[in-house]
Amino acid sequence: MYNVRLIETLSLIMIVTSMAAVESQNLKRATTAYCIQALLICGLILTFAVGNPALYAWAAVALVTKAVITPWLLLHYIGKTGEKEVRAIIGFGPSVLLVSAVLIASYGLTHRYVHFLAPTVQATEGAFRTNLAVSMTVFALGLYAILSRRDAIKTVIGLCLLENAIHLSLVSLAPELRETALVGIATEVVITVAMLLYVIAGIREQIGTTDTFEMSELHW
Amino acid sequence: MPEVPSLLPLAICVVPAVLAILAYPLARLSRPLGPVLNLLGAGAALVLSVLLMVHAVQGRVLVSLSRELRADALSALLVLAISGVALATAIYAFPYMRLQPLLDRVSHAAGEDVTRRRLAGFYALSLAFLTTMLWACLTNNIIMLYVAVEASTIASGLLVAFYWDRRSLEAAYKYLLLLTVGIAFALFGCVLLYASAAPYISGEGGVRGMLITDLAQVAVHIRPGIALLIISFFIVGFGTKAGIAPFHPWLPDAHAEAPSTISALLSGVMIKMAIYALARTLLIFFPVAAYSPVSLFLIVLAAFTMLLGGVMCLAQDDLKRMLAYSSVSQIGYIVLGIGLAGVGFGHSAGYLGGYGGLFHLLNHALCKATLFLAVGAIIYCMAGTRRMSELGGLARRMPVTAVMFFIAAFAISGMPPFNGFWSKLTLYLAAAKAELWWALAIAVLTSVLTLIAFIRAGYLVFWNDGNGQANEIEVRDAPLAMAIPMGILAALCVVIGLYPQLVHPLLDPAARVLASVF
């Protein structure tokens, strides 16, 4: 029923956009990579909507929240703080190597040992299996960004990757249920992202940077 | 348990929500309206919660909106605790939010007009925060449980950043980021659970994929490996929100930097709401015996949390951070109770653990709210000073606050004749009955550490005359409207301590839900 090849292509490109969002040291380019990923996930939801028309509503909402509002918010606050990311804990070269290792490990392991993770038989087959592996990989990359980046805006981009990963697994694991669209819409984190960016802008006003290492007033 | 359709659970969510929407514009129009609406919202929630509790005590489970909202005895207990503490903080907020040092701190950072806007926002967000906590404890929908818990983070994020200075913003950033990342794990767990139940979901009139009660019916079909993964995600996700170690680093910062009324809500009830969410989601799986290692893991986490919180509590000089670490430690006791309920699931040992955990949940809500309100009074009567090393000799100048502080401090340390003694004793007995001697030893040791930490704090703040700034500042005790809510909460600590059987009708059915003993 589903266009398997299209689903797998869109899904696998999500890994590339995640890497670009994490590794790009220019925050605007990282936002662009995130925006492309948001469009990809909208495309994926639309592809699944063939079998469940309720998903069209989620695709429309995701387009607005993920691909329009979130990038707009990110660009708006990046405009105030400057495009260049605060130097990360790990240098560019080692970070690319580390990201590649995370990618290979999480994709390889989840794809190979999908039975430990897949809640249904369908999820262990074809495009569903690929999507589950991609989802875990994007989730791992999002966590990596949050843990390894000193720039507060980059950690927000990491958070957005986590959300996309969860939504990819949601649409792949239960595409035929009517409630799935509602679940997807209800769990959009755009308000949290807006609030985090608002607080980060306040921090920048106070300490002149978005470097989380400079946030050192509170210890233990 | 018979389910009775009722509008009561819906009303408990809707009334404060409507007032939250009205609060901002009305408080902007007239400044005194903000605290009045806050009081109305919390007061109405408490009245409705008492009515809900009456139904729960009589063995009825109320449901609204086609079982989307469901209030059993466990929900009713949490809702009562949340609205009770919210009412105390709403009364306290009347004088507290008008204190000059507080207003100076805000206007110093923002200016007069922004201060007015921020105060209006404070009351609107306080009511929204209350609504989200009540909603989380009443929803029967697994996804809405996630949404309500996340919404409570959103509603309280700006309250943590209320002063909008370097410290509060830093705390708010950590609070929002760590809790959202943590809760993302819970969402992943919810999605996996939802998808796992999908094959067993029948459309019309059958099992519905998002209702917790319906998921519990099909949980037996979920493969144990996947179930353990889901449970792990729930423990990380809701455990982060609850402040369970090692997911707790946001807690001392947020609880210490927020205004004291919000600290009382965060420490007094919000972390309990997260414990409720964890218990409610774990209950979906618990009829299956294969999950008893999960309970043991929870007990290990609880012991680690207790001990870490207790040790860190001793190392603090900042009074509010000390209270925050004490909350980490006391959450450990509550998780110990939940874990013991799981270990002895379906038996009297499990019931005793669940009973002790819920009793301590209720007691900690009362004690910690009292302590944060007392410390709030000290800080602002002392022009913002909150370092114990800079305070001293306040016993004579703030006798009422001192009495409240010591009642709550001894209660939380598990000293007789206060309420904390009974809940800790119940937990010790449950641990002994489960033959978990190491957990019992750590629980007793942590109680001793807590007592030492509070005696040290009490001595430095109230008696130690030598190094106090109190000698230089003209200090008056807390005004009546601040003393009354502290007094009511402290009096409850004493009354429950002297007559613990008073709360038995509330705790017994809730513990039966938790340990599934019927």
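Since this is a predicted model, take the numbers as computed values, not measurements.

## Examining the overall build of chain B
Looking only at helices and strands, chain B features 20 helices and 3 strands. Taken over C-alpha atoms, the radius of gyration comes to 22 Å for chain B, in line with the 24 Å a tight globule of 518 residues would show. Partitioning the contacts of chain B with sequence separation of at least 6, the portion at a separation of at least 24 is 81%.

## A closer look at the interface of chain B and chain A
The parts lose accessible area when they come together, and the size of an interface is often stated as this lost area. Taken together, the contact between chain B and chain A spans 38 residues of the former and 34 residues of the latter. Counting residues per element, the ones that place at least two in the side of chain B that touches chain A are α6 (142-160), α7 (166-197) and α9 (224-242) of chain B. Per-element tally for the side of chain B that touches chain A: the top contributor is α7(B), with 19 residues. Class assignment of the residues belonging to the side of chain B that touches chain A gives a composition of 27 nonpolar, 5 polar and 6 charged.

## Description of the sheet that holds strand β1 (residues 3-5) of chain B
All names here are of chain B. Read from one edge of the open sheet, 3 strands run β1-β2-β3, paired in mixed fashion. Two strands in the sheet have a free side with no partner beyond their single neighbour: β1 and β3 (69-71). Across the sheet, the axes of successive neighbouring strands diverge by a mean angle of 25°, strand direction being ignored. Where strand β2 (residues 61-64) meets β3, 3 bridges bridge the pair, whose relative direction is antiparallel. By the bridge assignment, Val63 is partnered in β3 with Arg70.

## Side note on the packing of helix α3 (residues 73-96) of chain B against helix α19 (residues 480-498) of chain B
Residue and element names in this part refer to chain B. Where α3 contacts α19, the axes come no closer than 7 Å and their chain directions differ by 160°. Classed by the angle they form, the pair α3 and α19 counts as roughly antiparallel. With respect to the hand of their crossing, α3 and α19 are arranged in left-handed fashion. Contacts between α3 and α19 pair Ala88, Ile91, Tyr92, Phe94, Pro95 and Tyr96 from the former with Ala481, Met482, Ile484, Pro485, Ile488 and Leu489 from the latter.

## A few points about the packing of helix α13 (residues 319-343) of chain B against helix α14 (residues 348-381) of chain B
Relative placement of two packed helices is described by the angle separating their axes and the distance separating the axes. All names here are of chain B. Packing of α13 against α14 leaves a shortest axis separation of 7 Å and a crossing angle of 170°. With respect to α14, the element α13 is oriented roughly antiparallel. The hand of the α13/α14 crossing is left-handed. In the contact of α13 with α14, the residues fall into 14 nonpolar, 11 polar and 2 charged.

## Concerning the nonpolar core
Residue and element names in this part refer to chain B. Of all hydrophobic cores here, the largest spans 310 residues; its most connected members are Ile275 and Ala408. Sorting elements by how many residues they give to this core places α7 first, with 23 residues. Once residues lying within four places of it in the same chain are set aside, the contact partners of Ala408 are Cys367, Thr370, Leu371, Ala374, Ala490 and Cys493.

## Here's the deal with unusual backbone geometry
Backbone phi values are negative for most residues with the exception of glycine, while trans is the configuration of most peptide bonds. All names here are of chain B. The omega angle of the peptide bond from Ala245 to Pro246 is 5°, so this bond is cis rather than trans. As for its placement among the helices and strands, Pro246 is situated in the loop between α9 and α10 (250-257). Backbone geometry places Trp164, a non-glycine residue, at a positive phi of 55°. Along the chain, Trp164 turns up in the loop between α6 and α7. We note that Glu435 has phi near 60°; this positive angle belongs to a residue other than glycine. Mapped onto the elements, Glu435 comes out in the loop between α17 (419-433) and α18 (437-463). Assessed through the 10 C-beta atoms surrounding it within 10 Å, Glu435 is described here as exposed.

## Overview of the domain arrangement of chain B
All names here are of chain B. You can read the domains of chain B as domain 1 (1-139), domain 2 (141-285) and domain 3 (292-518). Of note, the centres of domain 1 and domain 3, computed from C-alpha atoms alone, are 24 Å apart. Listed as interface residues are 20 residues of domain 1 and, on the opposing side, 22 residues of domain 3. Taken together, the elements giving at least two residues each to the side of domain 1 that touches domain 3 come down to α2 (33-57), α3 and α4 (100-110). For the side of domain 1 that touches domain 3, the element with the highest residue contribution is α3, accounting for 11 residues. Looking at side-chain class alone, the side of domain 1 that touches domain 3 contains 17 nonpolar, 1 polar and 2 charged residues.

## A few points about the pairing of β2(B)
On a regular strand, one side chain projects to one face of the sheet and the next to the other, so that they alternate. All names here are of chain B. Judged by which residues are buried, β2 turns out to be covered on both faces: Val61 and Val63 on one side and Leu62 and Ser64 on the other are all buried. Of the strand pairs in this sheet, β1 and β2 are connected by 3 bridges, and their pairing is parallel. Opposite Pro5, over in β2, you have Val63 as the bridge partner.

## A word on the confidence of the model for chain B
Note: predicted coordinates in regions of low pLDDT should not be interpreted at a detailed level. Residue and element names in this part refer to chain B. Scored by pLDDT, chain B has a mean of 91; 95% of the residues are at 70 or more. The weakest mean pLDDT in chain B belongs to α4 at 72; the strongest belongs to α2 at 97. This prediction of the complex comes with two scores: 0.95 for pTM and 0.94 for ipTM.

## Some details on the environment of B:Ala148
All names here are of chain B. By secondary structure assignment, the location of Ala148 is in helix α6. Once the C-alpha coordinates of Ala148 and Phe129 are considered, the two residues, 19 residues apart in sequence, prove to be 9.7 Å apart. Discounting residues that sit within four places of it in the chain, Ala148 has contacts with Thr132, Trp135, Ala136 and Thr139.

## Things to note about helix α1 (residues 8-29) of chain B
Within an α-helix, residues lying three or four positions from one another point in the same direction, as the helix has 3.6 residues per turn. All names here are of chain B. Over its 22 residues, α1 runs 31 Å from end to end, which matches the ideal 32 Å to within 8%, given 1.5 Å per residue. Of all the bends in α1, the largest measures some 40° and sits at Ala23, one to four residues before the proline Pro25. All of the buried residues along α1 are Leu8, Pro9, Ile12, Cys13, Val15, Pro16, Leu19, Ala20, Ala23, Tyr24 and Ala27. Looking at the buried residues of α1, the elements they touch are α2, β2, β3, α3 and α5 (112-138).

So, how was this worked out
- Residues numbered from 1 in each chain as written.
- Chains lettered and ligands numbered in written order.
- Predicted model: local features only at pLDDT ≥ 70, side-chain atom pairs only at ≥ 80, totals over all residues.
- Helix = DSSP H or I, 4+ residues; strand = E, 2+ residues; numbered from the N terminus.
- Rg over C-alpha atoms; globule rule 2.2 N^0.38 Å.
- Contact = placed C-beta atoms within 7 Å.
- Nonpolar A, V, L, I, M, F, W, Y, C, P; charged D, E, K, R; others polar.
- Pairing = 2+ DSSP bridges.
- Axes fitted to C-alpha atoms, helices over the stretch in contact; angles between N-to-C directions.
- Parallel < 35°, antiparallel > 145°, perpendicular 65-115°, else oblique.
- Left-handed = near helix turned anticlockwise from the far one by under 90°.
- Core = buried A, V, L, I, M, F, W, Y, C linked by C-beta atoms within 7 Å.
- Buried ≥ 20, exposed ≤ 12 C-beta atoms within 10 Å, placed from the backbone.
- Domains from an automatic or database assignment.
- pLDDT = per-residue confidence, 0-100.
- Expected span 1.5 Å × (residues − 1).
- Bend = angle between axes of the 7 residues up to and from the residue.

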